[in-house]
Amino acid sequence: MAAEQGPEAVVRKEEGKEEEQEQVVNPWEVSAGKGGIDYDKLVDQFGCQRLDDALVDRVARLTGRPPHCFLRRGLFFAHRDFNDILDLYEKGEKFYLYTGRGPSSESLHLGHLIPFMFTKYLQEAFKVPLVIQLTDDEKFYWKNLTIEESKRLARENAKDIIACGFDVERTFIFTDFGYVGGAFYENMARVARCVTYNKAVGIFGFSPEDHIGKCTFPPVQAVPSFPSSFPHLFAGQDQLRCLIPCAIDQDPYFRMTRDVAPRIGYQKPSLIESRFFPALQGENTKMSASDANSAIYVTDSAKQIKTKVNKYAFSGGQDSIELHRKLGANLDVDVPIKYLNFFLEDDEELEHIKKEYKEGRMLTGEVKQRLIAVLSEIVARHQRARAQVTEEMVDAFMAVRPLPNMFS
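Keep in mind that what you see is a predicted model, and the values were worked out from it rather than measured. (Residues numbered from 1 in each chain as written. Predicted model: local features only at pLDDT ≥ 70, side-chain atom pairs only at ≥ 80, totals over all residues. Heavy atoms only, no water.)

A.B. asks: It is not clear to me how the layout of surface pockets should be interpreted in this structure. Could you clarify?
C.D. replies: Vacant regions in the atomic arrangement are exposed by a probe of water-molecule size rolled over the atoms. The computed volume of the second largest pocket comes to approximately 660 Å³. If you go around the second largest pocket, you meet 23 residues; those closest to its centre are His68, Met117, Lys120, Glu345 and Arg381. If you tally residues by element for the lining of the second largest pocket, the top one is helix α19 (residues 364-387), at six residues. Looking at side-chain class alone, the lining of the second largest pocket contains 14 nonpolar, two polar and seven charged residues. (1 Å grid on protein atoms, 1.4 Å probe; cavity = no way out; pocket = protein on both sides within 12 Å on 5 of 7 lines; lining within 4 Å. Points joined across faces, edges and corners; volume = space filled by probe spheres on them. Helix = DSSP H or I, 4+ residues; strand = E, 2+ residues; numbered from the N terminus. Nonpolar A, V, L, I, M, F, W, Y, C, P; charged D, E, K, R; others polar.)

A.B. asks: Help me out: how do you make sense of the pattern of salt bridges in this one?
C.D. replies: Pairing between side chains becomes possible if they bear opposite charge and their charged atoms approach one another. Per the counting criterion, the structure on display carries 30 salt bridges. Glutamate 90 is the partner of arginine 61 in a salt bridge, and the nearest nitrogen-oxygen pair spans 3.1 Å. Placement of the pair is arginine 61 in helix α2 (residues 53-63) and glutamate 90 in helix α4 (residues 82-90), with a sequence separation of 29 residues. Given the relative accessible area of 42%, glutamate 90 is considered partly exposed. Between aspartate 167 and arginine 170 there is a salt bridge whose closest N-O contact spans 3.3 Å. Here arginine 170 falls in the buried class, since its relative accessible area comes to 13%. Among the charged side chains, a salt-bridge network with shared partners connects Arg155, Glu156, Lys159, Asp160, Arg386, Glu391 and Asp395. (Salt bridge = Lys/Arg side-chain N within 4 Å of Asp/Glu carboxyl O. Buried < 20%, exposed > 50% of the residue type's maximum accessible area, 1.4 Å probe, protein only.)

A.B. asks: What am I meant to see in helix α18 (residues 347-358) here?
C.D. replies: Look at α18: 16 Å from first C-alpha to last across 12 residues, which is about the 16 Å you get at 1.5 Å a residue. Looking at α18, one finds that the buried residues are Leu350, Ile353, Lys354, Glu356 and Tyr357. For α18, the capping residue at the N-terminal end is aspartate 346, with a side-chain oxygen 2.9 Å from the backbone nitrogen of glutamate 348. Positive phi appears at glycine 360, one or two residues downstream of α18, with a value of about 85°. (Expected span 1.5 Å × (residues − 1). Polar contact = N/O pair within 3.5 Å; in protein donor to acceptor, adjacent residues only side chain to side chain.)

A.B. asks: What's the story with the confidence of the model for the protein chain in this structure? I'm lost.
C.D. replies: When pLDDT is low, close inspection of the predicted coordinates is not appropriate. In this model, the protein chain carries an average pLDDT of 92, and 93% of its residues clear a pLDDT of 70 or more. Within the model, pLDDT remains below 50 along residues 1-19, and this stretch shows 56 contacts once partners closer than five positions in the same chain are excluded. (pLDDT = per-residue confidence, 0-100. Contact = heavy atoms within 4.5 Å.)

A.B. asks: Before we go on, may I ask you to explain a nonpolar patch on the surface in this structure?
C.D. replies: On the surface, a nonpolar cluster with roughly 220 Å² of combined accessible area is contributed by Phe140, Ile147 and Phe177. Looking at phenylalanine 140, the relative accessible area reads 32%, which means it is partly exposed. (Patch = residues over 30% accessible without salt bridge, like charges linked within 9 Å, V, L, I, M, F, W, Y side chains within 5 Å. Areas by Shrake-Rupley, 256 points an atom, 1.4 Å probe, with all protein chains shown as cover.)

A.B. asks: I tried to follow α4 on my own but got confused; where do I start?
C.D. replies: Because an α-helix packs 3.6 residues into every turn, residues spaced three or four apart end up facing the same way. When α4 is considered as a whole, its buried residues turn out to be Phe82, Ile85, Leu86, Leu88 and Tyr89. Summarising the axial view, the buried residues of α4 lie within an arc of 160°, below the 170-degree limit, and thus occupy one face. Buried-residue contacts for α4 involve α2, β5 (76-80), β6 (95-101), α5 (110-126), β9 (241-247) and β10 (270-274). Glycine 92, located one to two residues past α4, shows a positive phi value of around 95°. (Arc of directions from axis to C-beta.)

Written out as structure tokens, the structure reads:
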């Protein structure tokens, strides 16, 4: 979506009394000034809570396993009522997970993998069911795609999602064009009647030039938060709680959902929200499927990964070796360090690299070489898993069927 932002979707950064470039964060656009995304202001603006060490420690205690590196490194950093989900779980009650993907490209890039990698961890740690929404209708509305192409891309993206290792006995993947109807559509109607057009404009920034398809979409993304939208899974469990792992740019949808839920007799969904995976060029925007050189794709070869990292990954190192040895690197802007923060699992190695690089003993080229090795292995592993995904497997995940062992 173009820069058609409502007041709730825009955060401004200020330095002293001078206003810098607007920070734009909404479901369709993420951009900021040279300083990158100001997450503190974003949390204040959206009204969510910071995910603190006490909650991370509690996850480890309740699940009996180490917290995911995304948690312990603060990459999933904000939440809405995640503590309520943990309270329920501690009492022996269950919940379900909901996440999704807007299929606008042939394959996923690494930024798209983040919520699925984390959701897989949550599914395994808490042993709960998961619904994954593929919003092929959204991409038809917002991108220059035909319905047929949107549906095809959704199915191709489903193969990449399945390759992340989800449990078919606990996972239901659906496309909006394929599933919306019945109880799901009834919930959409309930949500839509509770949200005025002015409220939708305030949340999503719709303009008079937008076609009405865009205005009708938010309830579609809202109602997977309600278990009654899936009667084949959750019949008679209308008050089952839902936890949504997502990037923080999706928060506007669920602020709306949480406002409406009590008015139509449902529980508010809880959220656990991540930082953005930055573009190779820097943290003033997120990695984008529309710019091939901003992203590492799961289809990239080892050679392509090496070229992209060496050529495009923004460095916080100094202009000369002599100066770098003296001053060290600026880790706050260094993209290879940020990527290693997501994908290098060894905490001790990561801290060693940060220390050596910051103090000038390690050079940019050395850090990039380590990143290339890490990303090449992750992508190669994904490609091997993706090659094993058959059309029959996709059909199995998308079949509308009960999941009798989903809580076991």
